Amino acid sequence: MITIQVTETQIERYVSDMMLELGVPAHLRGYYYLREAIVLTARDMELVGSVTKLLYPGIAKRSHTNIQRVERAIRNAIEVSWERGNPAVFEELFGYSSASGAPRPTNSEYIARIADRVRLDLSVS
């Protein structure tokens, strides 16, 4: 397997493009928290199991806010994308969408699925 070094900027750009496809509005504060969460998780998938213990606190500390605000902003960004985003993209990425009547993915599911796709597509290690 060929491993190519991927820069943090390239990962962020890729994640931003995916979030745009999913319909996450860039004007929401949760957009930036969500992007950071996905990038961090793509680098270390162990964070998915410790979202409330490690991931949210780390983002909150860097953003000078609290864990509850980070969680709520991410949840809001996901809700907006779920309601307004392209159902075909959700079907392709998650296997279901709001159009199929399924409930929206949890914050952890959303972050994990996109981070996994980033890891696979960019061979992030």
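Residues numbered from 1 in each chain as written. Predicted model: local features only at pLDDT ≥ 70, side-chain atom pairs only at ≥ 80, totals over all residues. Heavy atoms only, no water.

As for helix α2 (residues 29–43)
Spanning 15 residues, α2 covers 22 Å between terminal C-alpha atoms, matching the ideal 21 Å at 1.5 Å per step. For α2, every residue scored as buried is listed here: G30, Y31, Y33, L34, R35, A37, I38, V39, T41 and A42. (Helix = DSSP H or I, 4+ residues; strand = E, 2+ residues; numbered from the N terminus. Expected span 1.5 Å × (residues − 1). Buried < 20%, exposed > 50% of the residue type's maximum accessible area, 1.4 Å probe, protein only.)

Concerning the pattern of salt bridges
On inspection of all chains with the given rule, the structure shows seven salt bridges. Among the ionic pairs, R43 bridges to E8, the shortest N-O distance being 3.3 Å. In this pair, R43 sits in helix α2 while E8 sits in helix α1 (residues 8–22), placing the two residues 35 residues apart along the sequence. Judged by relative accessible area, R43 falls into the partly exposed class, the value being 31%. For E8, a relative accessible area of 35% puts it in the partly exposed group. A salt bridge links R117 to E92, with the shortest nitrogen-to-oxygen separation between them at 3.0 Å. Taken together, the positions of R117 in helix α6 (residues 107–122) and E92 in helix α5 (residues 87–94) put the pair 25 residues apart, joining distant regions of the chain. For R117, a relative accessible area of 17% translates into the label buried. What you see here is one network of salt bridges that share partners, running through R72, E79 and R104. (Salt bridge = Lys/Arg side-chain N within 4 Å of Asp/Glu carboxyl O.)

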